[in-house]
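Architecture and fold: a report
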Amino acid sequence: MCEINSNYLKLPGSYLFAGIKRRVDAYRAAHPDAKIISLGIGDVTRPLVPAVIEAMHAAVDEMADASTFRGYGPEQGYDFLIDAIIRGEYTARGIEIDRDEVFVSDGSKCDVGNIQEIFSADARVAIGDPVYPVYLDSNVMAGRTGEFGPDGRFAGITYLAGTEENGFSPEPPKERVDLVYLCSPNNPTGTVLDRAALTRWVEYAREKEAVILFDSAYSAYIREPGLPGSIYEIPGAKEVAIEFKSFSKSAGFTGVRCGFTVVPKALRRRDSSGKMQSVNALWLRRQCTKFNGVCYIVQRAAEAVYSPAGMKQSREVIDYYMGNAELIRSGLIGAGFEVFGGKNAPYIWWKLPAGLESTQFADKLLNVCQVVGTPGVGFGPGGEGWFRLTAFGDRAETAEAVERICRASLI
């Protein structure tokens, strides 16, 4: 008899955001007249900018003409998009990246979840706590963990505590680990790893022969000068780090789907016999086998993000969301709450009063204010006592949600 992969059974409940949706749907069914405002799931609400739409229309017209029609494209992505990515993301930062180090995909979530396939099943994994759930869940599914414990943690995982005391910037562990997931700007805390912190991680990875899996999906939101927008700004990072970026939040592609991963050719790691192998070659082999590439129309749309008009228009949308973030930050601070994030990221990390559980608070916020947020414990046990709000909503609705929260008796 065929057996299932029992590692899936280790995962408690459902995926975080699917569970939130079910709770909200149940509340909406019981209160059909309620005006619910979501500051929960990080989905964008502003439309695609004109430069992107124009490029999509032109690409659609090409697909209607036999002379310009495109079938299967290169699994790694079309050169026109890869060149635009290198120019807009790396050359502008003084970083040299080769074409064959960039892999276009249908979103960084997929790549972040799939990248673990090319590393050994017994690799020791380190993740932040709190953390974006995909990092942990994909490694549970792959069998790299023990069982889920009563403390909310999996055996066999190294948890990197992100706390108020360390500014949600965890230090490298004393023990050796093989794979390290870092996210900056961070989801859920909205904080950013500075150059000194990233340098410590690169030095650790070089010493331990570890690999850093660096999720930089929100780099376009960094406002403060001097904060790294790519791990490759750090000397030596190409020898130890894979970087993931996305058009989802920077250009509104959550429903269009496009992102990219950079795997430097300088990154090499040992096989079971001790021989050094190219990680870039392994990822290329994986993608060619399991992925058929992003559609031509979407890649032309992504290319347009880096045009002068596209960059200006996309920046205006990001400014809109960061205006929402400031509304939320200032409103909560004015109401006497303590918050982090919202300055270089579209997430606000809200500290709840001592003893208040985040899941119970989520229910209370929904029932009292008809506002949806994300309980911090959904990002790991280190998130208990915290609550995440997102700035991706409509401006007027965001202002109304903050007003409801500030005038309510939530504590």
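One can find the structure itself at the top, above this paragraph.
To start, this report covers the structure provided alongside it. Only a predicted model underlies this, so the values are computations on that prediction, with no experimental measurement involved. (Residues numbered from 1 in each chain as written. Predicted model: local features only at pLDDT ≥ 70, side-chain atom pairs only at ≥ 80, totals over all residues. Heavy atoms only, no water.)

With respect to empty space enclosed by the protein
Using the criterion set out here, one finds two cavities of 30 Å³ or more in the structure. Looking at the largest cavity, it is lined by 20 residues, and the ones nearest its centre are Pro130, Phe168, Pro170, Cys183 and Asn186. Sorting the residues of the lining of the largest cavity by element identifies β3 (125-129) and β5 (179-183) as the ones contributing at least two each. Counting residues per element, the lining of the largest cavity draws most heavily on β5, which supplies three residues. Each residue belonging to the lining of the largest cavity can be placed in one class, and the counts come to eleven nonpolar, eight polar and one charged. The calculated volume of the second largest cavity comes to roughly 60 Å³. Lining the second largest cavity, in full, are Arg46, Pro47, Leu48, Val49, Lys249, Ser250, Ala251, Gly252, Ser314, Val317 and Tyr321. (1 Å grid on protein atoms, 1.4 Å probe; cavity = no way out; pocket = protein on both sides within 12 Å on 5 of 7 lines; lining within 4 Å. Points joined across faces, edges and corners; volume = space filled by probe spheres on them. Helix = DSSP H or I, 4+ residues; strand = E, 2+ residues; numbered from the N terminus. Nonpolar A, V, L, I, M, F, W, Y, C, P; charged D, E, K, R; others polar.)

Some thoughts on the packing of helix α2 (residues 50-63) against helix α8 (residues 296-305)
Direction vectors running N to C along α2 and α8 enclose 150°, while the axes themselves pass 8 Å from each other. Classified by the angle between their axes, α2 and α8 sit roughly antiparallel to one another. As for how α2 packs across α8, the hand of that crossing is right-handed. Contacts from Ala51, Val52, Ala55, Met56, Ala59, Val60, Glu62 and Met63 of α2 reach α8 at Tyr296, Ile297, Arg300, Ala301, Ala304 and Val305. Class assignment of the residues belonging to the contact of α2 with α8 gives a composition of twelve nonpolar, no polar and two charged. (Axes fitted to C-alpha atoms, helices over the stretch in contact; angles between N-to-C directions. Parallel < 35°, antiparallel > 145°, perpendicular 65-115°, else oblique. Left-handed = near helix turned anticlockwise from the far one by under 90°. Contact = heavy atoms within 4.5 Å.)

Brief notes about the sheet that holds strand β7 (residues 241-246)
With mixed pairing, the seven strands of this open sheet are ordered in space as β2-β8-β7-β6-β5-β3-β4. Each edge of the open sheet is held by one strand with a lone partner, namely β2 (102-105) and β4 (157-161). Pairs of neighbouring strands in the sheet enclose a mean axial angle of 20°, with direction left out of account. Those strands touched by helix α5 (residues 133-141) are β3, β4, β5 and β6 (211-215), and its axis lies near 155° from that of β5. The strands that helix α7 (residues 279-290) touches are β2, β7 and β8 (259-262); relative to β2, the one it contacts most, it runs at about 25°. (Pairing = 2+ DSSP bridges.)

Quick look at unusual backbone geometry
Between Asp129 and Pro130 the backbone carries a cis peptide bond, its omega angle lying at 10°. Counting through the fold element by element, Pro130 comes out in the loop between β3 and α5. Of the consecutive residues Ser184 and Pro185, the connecting peptide bond is found in the cis state with omega at -5°. Assignment of secondary structure puts Pro185 in the loop between β5 and α6 (195-208). If you check the backbone angles, Phe168 has positive phi at about 60° while not being a glycine.

Examining the nonpolar core
Ile85, Ile212, Ile231, Tyr232, Phe247, Phe253 and Cys258 are the most contacted members of the largest nonpolar core, which totals 53 residues. Elements with a contribution of two residues or more to this core: α2, α3 (79-90), β2, β5, α6, β6, β8 and α8. Top element by residues in this core is α3. It accounts for seven residues. Beyond its immediate chain neighbours, meaning those up to four positions away, Phe253 contacts Leu48, Val52, Phe247, Ser248, Cys258, Val298, Ala301, Ala302 and Val305. Ranked by size, the runner-up nonpolar core spans 32 residues in total, among them Met322, Tyr347, Phe361 and Leu389. (Core = buried A, V, L, I, M, F, W, Y, C linked by side-chain atoms within 4.5 Å. Buried < 20%, exposed > 50% of the residue type's maximum accessible area, 1.4 Å probe, protein only.)

Let's talk about the sheet that holds strand β14 (residues 374-375)
One open sheet holds the four strands; their spatial order is β11-β12-β15-β14, and the pairing between them is antiparallel. In this open sheet, the two strands that pair with only one neighbour each are β11 (338-341) and β14. Its contacts with the sheet place helix α10 (residues 358-369) against β12 (347-351), β14 and β15 (386-390), and it is angled at close to 45° to β15.

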